[in-house]
Amino acid sequence: MNLFAEITKGVKAALTRAALQARAAGDLAFGDLPDFVVEVPREKEHGDLASNLALVLARQAQRTPREIAQTLCRHLETAGTWISKIEVAGPGFLNFWLDPGWLYLIPPLVEAAGDRWGNGQLGSGQKVQVEFVSANPTGLLHMGNARGAALGDTLANLLEACGYTVTREFYINDAGHQIEAFAASLEARYLQLFGHAVPLPDEGYHGEDLRHTVRSFADVHGDRYVHASPEERRQALVTFALEEKLAEMRRSLARFGVEYDVWFSEKSLHARGAVREAIAALERKGYIYQEDGALWFRASALSEAKDEVVVRSSGVPTYFAA
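Residues numbered from 1 in each chain as written. Predicted model: local features only at pLDDT ≥ 70, side-chain atom pairs only at ≥ 80, totals over all residues. Heavy atoms only, no water.

Novice: Give me the pattern of salt bridges: which residues, what numbers.
Specialist: Inspection of the entire model under this criterion finds 12 salt bridges. The closest approach of N and O atoms between Arg234 and Glu187, which form a salt bridge, is 2.6 Å. Here the residue Arg234 occupies a position in helix H8 (residues 230-255), and Glu187 occupies one in helix H6 (residues 177-193), the gap between them amounting to 47 residues. One salt-bridge network, in which partners are shared between bridges, spans Asp153, Glu160 and Arg168. (Salt bridge = Lys/Arg side-chain N within 4 Å of Asp/Glu carboxyl O. Helix = DSSP H or I, 4+ residues; strand = E, 2+ residues; numbered from the N terminus.)

Novice: Report on the packing of aromatic side chains, specifying residues and quantitative values.
Specialist: Following the criterion strictly, the structure yields 15 aromatic pairs and no others. A ring pair is formed by Phe4 and Trp102, whose centres lie 5.5 Å apart and whose planes are at 45°; its orientation type is tilted. Placement of Phe4 in helix H1 (residues 3-24) and of Trp102 in the loop between strand S4 (93-98) and helix H4 (106-113) is noted, with a sequence separation of 98 residues between them. Looking at Trp102, the relative accessible area reads 12%, which means it is buried. Note on Phe170 and Tyr260: the rings are 5.5 Å apart at their centroids and 85° apart in plane angle, and the pair reads as edge-to-face. With Phe170 in strand S6 (residues 165-172) and Tyr260 in the loop between H8 and strand S7 (262-265), the pair connects residues that are 90 residues apart, well separated along the chain. Note on accessibility: Phe170 and Tyr260 belong to one class, buried. Every member of this aromatic cluster is reached through a ring pair, and the members are Tyr190, Phe194, Phe217, Tyr225 and Phe240. The lysine or arginine in question, Lys12, covers the ring of Phe36, its NZ or CZ lying 5.1 Å from the ring centre. Against the face of Trp97 rests Lys85, its NZ or CZ located 4.4 Å from the ring centre. (Phe/Tyr/Trp six-rings, centres within 6.5 Å; stacked < 30°, edge-to-face > 60°. Buried < 20%, exposed > 50% of the residue type's maximum accessible area, 1.4 Å probe, protein only. Lys NZ or Arg CZ within 6 Å of the ring centre and 35° of its normal.)

Novice: Describe helix H2 (residues 53-61), with residues and values.
Specialist: When H2 is considered as a whole, its buried residues turn out to be Leu53, Ala54, Leu57, Ala58 and Ala61. Burial along H2 is one-sided: seen end-on, the buried residues are contained in an arc of 140°. Elements that come into contact with the buried residues of H2 comprise H1, strand S2 (49-51) and helix H3 (65-75). Once H2 finishes, Gln62 follows within two positions and takes phi at roughly 55°, a positive value. (Arc of directions from axis to C-beta. Contact = heavy atoms within 4.5 Å.)

Novice: How would you explain the packing of helix H7 (residues 209-221) against H8 if you had to name every residue and give the values?
Specialist: Contact geometry for H7 and H8: axes closest at 10 Å, N-to-C directions at 115°. Between H7 and H8, the angle falls in the class roughly perpendicular. For the element pair H7 and H8, the recorded crossing hand is right-handed. For the pair H7 and H8, the contacting residues are Asp209, His212, Thr213, Val214, Ser216, Phe217 and Val220 in the first and Ala236, Leu237, Phe240, Ala241, Glu244 and Lys245 in the second. Class assignment for the residues of the contact of H7 with H8 results in seven nonpolar, three polar and three charged. (Axes fitted to C-alpha atoms, helices over the stretch in contact; angles between N-to-C directions. Parallel < 35°, antiparallel > 145°, perpendicular 65-115°, else oblique. Left-handed = near helix turned anticlockwise from the far one by under 90°. Nonpolar A, V, L, I, M, F, W, Y, C, P; charged D, E, K, R; others polar.)

Novice: Please provide a residue-by-residue account of the layout of surface pockets, values included.
Specialist: Approximately 380 Å³ is the volume found for the largest pocket. Residue lining of the largest pocket: 16 residues in total, with Asp174, Ile179, Gln235, Val238 and Lys267 positioned closest to the centre. Listed by contribution, the elements that provide at least two residues to the lining of the largest pocket are H6 and H8. Ranked by residues supplied to the lining of the largest pocket, first place goes to H8 with seven residues. Grouping the amino acids of the lining of the largest pocket by side-chain chemistry returns eight nonpolar, three polar and five charged. (1 Å grid on protein atoms, 1.4 Å probe; cavity = no way out; pocket = protein on both sides within 12 Å on 5 of 7 lines; lining within 4 Å. Points joined across faces, edges and corners; volume = space filled by probe spheres on them.)

Novice: Could you give an account of the sheet that holds S7, naming the residues involved and the relevant values?
Specialist: Taken in spatial order, the three strands make up an open sheet running S5-S6-S7, and their pairing is parallel. The open sheet has two edge strands, strand S5 (127-131) and S7, and neither has a second partner. Taken over all neighbouring pairs, the strand axes of this sheet differ in orientation by 35° on average, direction set aside. As defined by bridge partners, S5 adjoins S6 across five bridges and the pair is classed as parallel. (Pairing = 2+ DSSP bridges.)

Novice: Let's hear about the environment of Ala188: which residues, and what values?
Specialist: Among the secondary structure elements, Ala188 is positioned in helix H6. Taking the C-alpha atoms as reference points, Ala188 and Gly204, separated by 16 residues in sequence, lie 9.7 Å from one another. Discounting chain neighbours no more than four positions away, the residues touching Ala188 are Val198, Pro199, Leu200 and Pro201.

Remember, this is a structural readout, not a statement about activity or role.
Shown next as structure tokens:
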């Protein structure tokens, strides 16, 4: 419960009654009561609340706002409103001071609400997705991810406190070029482990954590995949490594106090054909064209700075496409 908002509503209701009573007594002439506000004034010396009712009534009543304000004051019944003082200010604003005794109503409300105190219903249950951290599952989390986790989870908490229905999502980048580079790096480390002089790819991942990953893989599978085809070897390695990295990410985030509702796999978009269908739909609308062996999205036709590649010349869709 927002006690101050309820008091503000009570003051507005009292002003409405005062205006109608003034009209009934023949002290004011107007048709429909115009919209008016009761709000916290910018300057503290103008009271706890202020209203523009007298100003918006002036045209209909054909009197000065200050005269109208004084008439409203005579008809205003303050019982039950917490109003202790009224002042007509400036061109005709009504300024109100509240009896500070209303503050004594707050502690029982705080106690009753517990850790829900201060929450509201601004969002009215509207669904909001907050996607944060979403680090590539090709390595361990770092301090930059910690910052993103703190900001994202705090934002989600704030939205929930404001009455939104929040879903926290970690978007797993488990498809595309970075996963190919990851698989090639794992393959090189795995073959090195068994004495093969294989260099790491220049655009690969050189972190020491990959040595740990391939040792764990070898503890399970031994040298079985040394003699497998490159495709089979890379697939086995990357499947194992992604499970390991994601499990460690989950543990790290949980220790940090962050829990997700959804861990969404980018790969699943490709597996169910959603990326292909989206590109086909854009192509039917004339937003896809081919150049240099790649497929491009006409983003510039939609006020963006430049067009974007959606499928590389290698046939691999981009992150942008997904």
